[in-house]
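# A closer look at the structure
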Amino acid sequence: MTTPTITSLAPLLDRLFDQAEATSGTTQAAVGDLSDADRARMMRSKADYRDLYARLKDAPLAVSRETGRLLYMLARSSRAKVIVEFGTSFGISTLHLAAGLRDNGGGRLITSEFEPTKAARARENLSAGGLIDLVEFREGDALKTLSADLPDQIDLVLLDGAKALYPDILDLVEDRLKPGAIIVADNADFSPDYLVRVRKPGNGYMSTPFAEDVELSVRIN
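A brief structural summary. Just so it is clear, the model here is predicted, and its values are computed rather than measured.

## Regarding the packing of helix α10 (residues 166-173) against helix α11 (residues 192-199)
Where α10 meets α11, the axes come as close as 8 Å, and the angle between the chain directions of the two elements is 45°. In terms of their interaxial angle, α10 and α11 are classed as oblique. When α10 is examined against α11, the residues Y166, P167, L170 and D171 are found in contact with a partner set consisting of D193, Y194, R197 and V198. When grouped by side-chain class, the residues that make up the contact of α10 with α11 number 5 nonpolar, no polar and 3 charged.

## Quick word on the pattern of salt bridges
According to the stated counting rule, one finds 16 salt bridges in the structure shown. D33 is the salt-bridge partner of R55, the closest N and O atoms lying 2.7 Å from each other. Of this pair, R55 sits in helix α5 (residues 49-55) while D33 is found in the loop between α3 (24-30) and α4 (36-44), placing the two residues 22 residues apart along the sequence. Look at the salt bridges and you will find they share partners, linking D14, D18, E21 and R65 into a network.

## What about the side chain of E215?
Looking at where E215 falls in the secondary structure, it is placed in strand β7 (residues 214-219). With relative accessibility at 2%, the residue E215 sits in the buried group. Polar contacts involving the side chain of E215 include one to the main-chain amide nitrogen of T208, which spans 3.5 Å. With residues near it in sequence (within four places) discarded, E215 still touches I183, V184, A185, A188, Y194, L195, V198, R199, S207, T208 and P209.

## Considering the pairing of strand β1 (residues 82-86)
Counting buried positions over the 5 residues of β1 gives 5, a clear majority of the element. Residues V82, V84 and F86 point to one face of β1 and I83 and E85 to the other, with burial holding for every one of them. In this sheet, strand β2 (residues 108-113) lies alongside β1 in parallel orientation, the contact comprising 5 bridges. Directly across from I83, in β2, lies its bridge partner L109. Following the chain from β1 across helix α7 (residues 92-103) to the adjacent parallel β2, one finds a crossover that is right-handed. Taken together, the 4 bridges between β1 and strand β4 (residues 154-159) define a ladder with parallel strand orientation. Across the sheet, the residue bridging to V84 is V157, located in β4.

## Quick word on the packing of aromatic side chains
Tallied over the full model, the rule gives 2 aromatic pairs. With a centroid separation of 5.8 Å and an interplanar angle of 80°, the aromatic rings of Y166 and Y194 are classed as edge-to-face. You can see Y166 sitting in helix α10 and its partner Y194 sitting in helix α11, a full 28 residues away along the chain. Among the residues examined, Y166 registers a relative accessible area of 0% and is labelled buried. Clustering of aromatic rings is evident, with ring pairs tying together F86, Y166 and Y194. In this arrangement the basic side chain of R121 is found over the ring face of F90, its NZ or CZ atom lying 4.2 Å from the centre.

Calculation criteria
Residues numbered from 1 in each chain as written. Predicted model: local features only at pLDDT ≥ 70, side-chain atom pairs only at ≥ 80, totals over all residues. Heavy atoms only, no water. Axes fitted to C-alpha atoms, helices over the stretch in contact; angles between N-to-C directions. Helix = DSSP H or I, 4+ residues; strand = E, 2+ residues; numbered from the N terminus. Parallel < 35°, antiparallel > 145°, perpendicular 65-115°, else oblique. Contact = heavy atoms within 4.5 Å. Nonpolar A, V, L, I, M, F, W, Y, C, P; charged D, E, K, R; others polar. Salt bridge = Lys/Arg side-chain N within 4 Å of Asp/Glu carboxyl O. Buried < 20%, exposed > 50% of the residue type's maximum accessible area, 1.4 Å probe, protein only. Polar contact = N/O pair within 3.5 Å; in protein donor to acceptor, adjacent residues only side chain to side chain. Pairing = 2+ DSSP bridges. Right-handed = clockwise from strand over helix to strand, strands pointing away. Phe/Tyr/Trp six-rings, centres within 6.5 Å; stacked < 30°, edge-to-face > 60°. Lys NZ or Arg CZ within 6 Å of the ring centre and 35° of its normal.

The structure is reproduced here in structure tokens:
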């Protein structure tokens, strides 16, 4: 019986999650001079989010272990062949998604990351995991990198970049979402406009809040 890719990746993922957890203090220090209200405002703002993420350029900002497993399970259960990810960071979520593609027999994962040093770290991690051949890295502003040259049909989307941009990224990919396509939006509570859109009856989605501030949506028409 063939060993699932996600099982083979366990030592690498454990190391990356441990590293992310070990840097939590540094991450907090990077925004330590901001009040909770200021952090929330910057997360929700289309004008100020760049300043916030500039402070966090060395932070992994990783999904949780549980969300990582969820991403792999969704990729596998949907038999995804084409995935788009907004917000690569160090590539922990990318590894889970690419593992799903590998175990589905292959495919294409397009991932966009604004910070070049993070994209470089992600490439190293995907290479270490033996999954780099499945991943197309696009560096720069996702409003530009994801505005062209997308596949005709997309099976799964992960939104885990600047929260204020979730509706804008959805605009870019929406026409290419096949019926039944899955959208996972991490920390979606910081994007109220996005939540209104995917939860509105008749807007083409079925959507529900999931664990740890994850919004899980399915394109229904």
